[in-house]
Amino acid sequence: MEIISFWAFAFPFIVIVYAGFILCLHPPKSVLGPSLLGGVVVAVVNAVVDLLAYYTHIWQYNLSNLVFHLPLPFYITPLLVYGSIAYLLIWRFWQGRWRWFAWLLLVGVPLFCIIKDVTGALAKTSYTVWESVPLGVVLTVVMWAAGFYAGYLLFRRLAPTREQVLAEAQEEQNDMIMEEAESQARATK
């Protein structure tokens with residue numbers, strides 16, 4: 001029942017929040033695609049580690065309607081929020097006086113996810129039941145660090161820098177101005 005409730009209530013909310021960030025940031029397609037691919041890496045690493053943890057008896061989910069022992073809808077959050085949105089914000093603020101914010105996200109997002117998962121499991125307020133606390137802590141740290149930074153490396157490799165995007169936009173604008181001036185010159189002849 002919890003998975004169905006997540007699909008009905010949380011999933012649309014996460015998608016709406018993601019769409020809001022996209023509307024505010026206006027990333028070009030050459031940046032949006034790699035950010036989503038980076039988010040997919042974060043989500044896949046999460047799912048693989050969750051499956052590994054289940055089969056090695058480190059932790060398991062105490063939910064109904066699991067698919068292969070995994071809460072598949074839960075991975076939309078690592079994909080869109082901890083992956084794509086975080087990468088887009090880092091990309092947006094990497095240059096300029098807000099660079100400190102990009103660094104904060106680069107370090108803070110995986111750290112926040114680690115703290116959230118560990119404290120939730122230890123306080124028994126999450127949907128996971130840890131069978132081995134020391135291994136659970138280590139695996140959680142490895143999972144979030146590996147997933148987030150692997151996704152970020154893929155994003156950085158595939159996405160152009162913000163300066164490149166701005167230079168291309170300026171070049172296109174200059175080309176349009178030149179074409180318009182040439183067409184006006186032809187029209188006056």
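Residues numbered from 1 in each chain as written. Predicted model: local features only at pLDDT ≥ 70, side-chain atom pairs only at ≥ 80, totals over all residues. Heavy atoms only, no water.

S.K.: Is there a simple way to think about the overall build of the protein chain in this case?
M.R.: Per the secondary structure count, the protein chain includes six helices and two strands. The C-alpha atoms of the protein chain give a radius of gyration of 21 Å, which is well past the 16 Å a tight globule of 189 residues would have. Principal axes of the C-alpha set define a box for the protein chain whose edges measure 80 × 35 × 25 Å. With 189 residues in all, the protein chain has 38% of them scored as buried. A sequence separation of at least 24 residues applies to 78% of the contacts in the protein chain between residues at least 6 apart. By element, 70% of the accessible surface of the protein chain is carried by carbon and sulfur atoms, the whole surface being about 11300 Å². Distance between charge centres in the protein chain, computed from 11 positive and 12 negative side chains, equals 6 Å. (Helix = DSSP H or I, 4+ residues; strand = E, 2+ residues; numbered from the N terminus. Rg over C-alpha atoms; globule rule 2.2 N^0.38 Å. Buried < 20%, exposed > 50% of the residue type's maximum accessible area, 1.4 Å probe, protein only. Contact = heavy atoms within 4.5 Å. Areas by Shrake-Rupley, 256 points an atom, 1.4 Å probe, with all protein chains shown as cover. Lys, Arg positive; Asp, Glu negative; His and termini not counted. Charge placed at Lys NZ, Arg CZ, Asp CG, Glu CD.)

S.K.: Whenever I open this one, the pattern of salt bridges confuses me. Can you help?
M.R.: Pairing is possible between side chains of opposite charge, provided their charged atoms come close. Overall, the coordinates contain one salt bridge when judged by the stated rule. Between Lys116 and Asp117 there is a salt bridge, with the nearest N and O atoms lying 2.8 Å from each other. (Salt bridge = Lys/Arg side-chain N within 4 Å of Asp/Glu carboxyl O.)

S.K.: What is the right way to look at the nonpolar core in this model?
M.R.: When a protein is soluble and globular, its nonpolar side chains tend to lie buried together. Core analysis: the largest hydrophobic core is formed by 49 residues, its most contacted members being Trp59, Ile90, Val109, Trp144, Phe148, Tyr152 and Phe155. When residues of this core are traced back to their parent elements, those giving at least two are helix H1 (2-25), helix H2 (29-55), strand E1 (59-61), helix H3 (76-93), helix H4 (99-122) and helix H5 (133-158). Broken down by element, this core gets its largest block of residues, 12 residues, from H3. Not counting residues within four places of it along the chain, the set of residues in contact with Trp144 comprises Val42, Asn46, Pro78, Tyr82, Pro110, Cys113, Ile114 and Asp117. (Core = buried A, V, L, I, M, F, W, Y, C linked by side-chain atoms within 4.5 Å.)

S.K.: Even after reading the chapter, I still don't get the packing of aromatic side chains, so can you show me in this structure?
M.R.: By the definition in use, this model includes 14 aromatic pairs. Feature note: the residues Tyr87, Phe148, Tyr149, Tyr152 and Phe155 constitute an aromatic cluster, connected by ring pairs. (Phe/Tyr/Trp six-rings, centres within 6.5 Å; stacked < 30°, edge-to-face > 60°.)

S.K.: I tried to follow the environment of Leu104 on my own but got confused; where do I start?
M.R.: Counting through the fold element by element, Leu104 comes out in helix H4. When the C-alpha positions of Leu104 and Ile90 are compared, they lie 8.9 Å apart, and in sequence the two are 14 residues distant.

S.K.: Help me understand H2 in this model?
M.R.: At 3.6 residues per turn, the α-helix brings residues three or four places apart onto the same side. For H2, with 27 residues, the first-to-last C-alpha span of 39 Å sits near the 39 Å given by 1.5 Å per residue. Along H2, the residues that are buried comprise Val31, Pro34, Ser35, Gly38, Gly39, Val42, Ala43, Asn46, Ala47, Val49, Asp50 and Ala53. Remark: His57 follows H2 within two positions and exhibits a positive phi of approximately 60°. (Expected span 1.5 Å × (residues − 1).)

S.K.: Honestly, the side chain of Thr140 in this entry has me stumped. Any pointers?
M.R.: Take Thr140: it is sitting in helix H5. Each residue touching Thr140, except ones within four places of it in the same chain, is listed here: Trp59, Ile114, Asp117, Val118 and Trp130.

S.K.: Please clarify how unusual backbone geometry should be interpreted in this entry.
M.R.: Trans is the common state for peptide bonds, and a negative phi is the common state for residues other than glycine. Positive phi, close to 50°, is recorded for His26, a residue that is not glycine. Mapped onto the secondary structure, His26 falls in the loop between H1 and H2. Positioned with a positive phi, His69 is a non-glycine residue whose angle comes to about 70°. Inspection of the secondary structure assignment puts His69 in the loop between E1 and H3. Judged by relative accessible area, His69 falls into the partly exposed class, the value being 30%.

S.K.: Is there a simple way to think about the packing of H3 against H5 in this case?
M.R.: To characterise two packed helices, one gives the angle between the axes of the helices and the distance between these axes. For the pair H3 and H5, interaxial distance at closest approach is 11 Å and the crossing angle is 50°. Compared by their axis directions, H3 and H5 come out oblique. The two elements H3 and H5 cross, and the hand of that crossing is right-handed. Of the residues in H5, those touching H3 at Pro78, Tyr82, Ala86, Tyr87, Ile90 and Trp91 are Trp144, Gly147, Phe148, Gly151, Tyr152 and Phe155. A class-by-class count of the residues in the contact of H3 with H5 yields 10 nonpolar, two polar and no charged. (Axes fitted to C-alpha atoms, helices over the stretch in contact; angles between N-to-C directions. Parallel < 35°, antiparallel > 145°, perpendicular 65-115°, else oblique. Left-handed = near helix turned anticlockwise from the far one by under 90°. Nonpolar A, V, L, I, M, F, W, Y, C, P; charged D, E, K, R; others polar.)

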